[in-house]
Amino acid sequence: MPYQNVFDLFWNQVIASIQEGSFAKLTMAKTIGKPNLKNIFVRPLHTEDSFKVLVKSHYRSKETEDEEQELRLEDAYTFLKSHLHTSFSSVLLFTTTKDITFKINKKGAGRITENHPTFRDVKQAKTDNE
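Notes on the structure in this doc start here.

Here is what the cut-offs are and how they apply
Residues numbered from 1 in each chain as written. Predicted model: local features only at pLDDT ≥ 70, side-chain atom pairs only at ≥ 80, totals over all residues. Heavy atoms only, no water. Helix = DSSP H or I, 4+ residues; strand = E, 2+ residues; numbered from the N terminus. Buried < 20%, exposed > 50% of the residue type's maximum accessible area, 1.4 Å probe, protein only. Pairing = 2+ DSSP bridges.

Another point: unusual backbone geometry. You will see that K30, though not glycine, has its phi angle at about 55°, which is positive. The phi torsion at H85 lies on the positive side, around 65°, for a residue other than glycine. Note that H85 resides in the loop between α2 (73-83) and β5 (88-95).

Of all the 6 residues making up strand β6 (residues 99-104), 5 are buried; the element is thus mostly covered by neighbouring parts of the structure. Pairing of β5 with β6 involves 5 bridges; the strand directions are antiparallel. Looking across to β6, one finds that V91 is bridged to F102. Where β5 folds back on β6, the antiparallel hairpin that results is connected by 3 residues. Strand direction decides the pairing type here: β6 and strand β7 (residues 110-115), joined by 6 bridges, are antiparallel. Paired with K103 across the strands is R111, a residue of β7. The loop that links β6 with its antiparallel partner β7 comprises 5 residues; one of these, G108, has a positive phi angle of about 85°.

Have a look at this one:
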């Protein structure tokens, strides 16, 4: 199945983990080639009025400063999807009930696998303002 369709199924699991309160962290890893962008980390960030995530872009180069942005979930989806198959070939969702991995193979097909949970509890992200 094309990776875009499988990523949508994966993203449904992200949404479900947020709704049930088990979402701990999401990480984009396995870079394609040697881009300056090394990882993207997504942590839950509860605000007074809505659920947002803190998205941190981590760079290899010491000259490039890491970037943080607070995004609504829909905007995080768009941001992460834009980096699939160009910069990253896998996304790891860590929840308190299971770890879910999304991978893209060399032929452009997506796959989802599940493992035992790495995290036992959810820690809220902190911004530079806190």
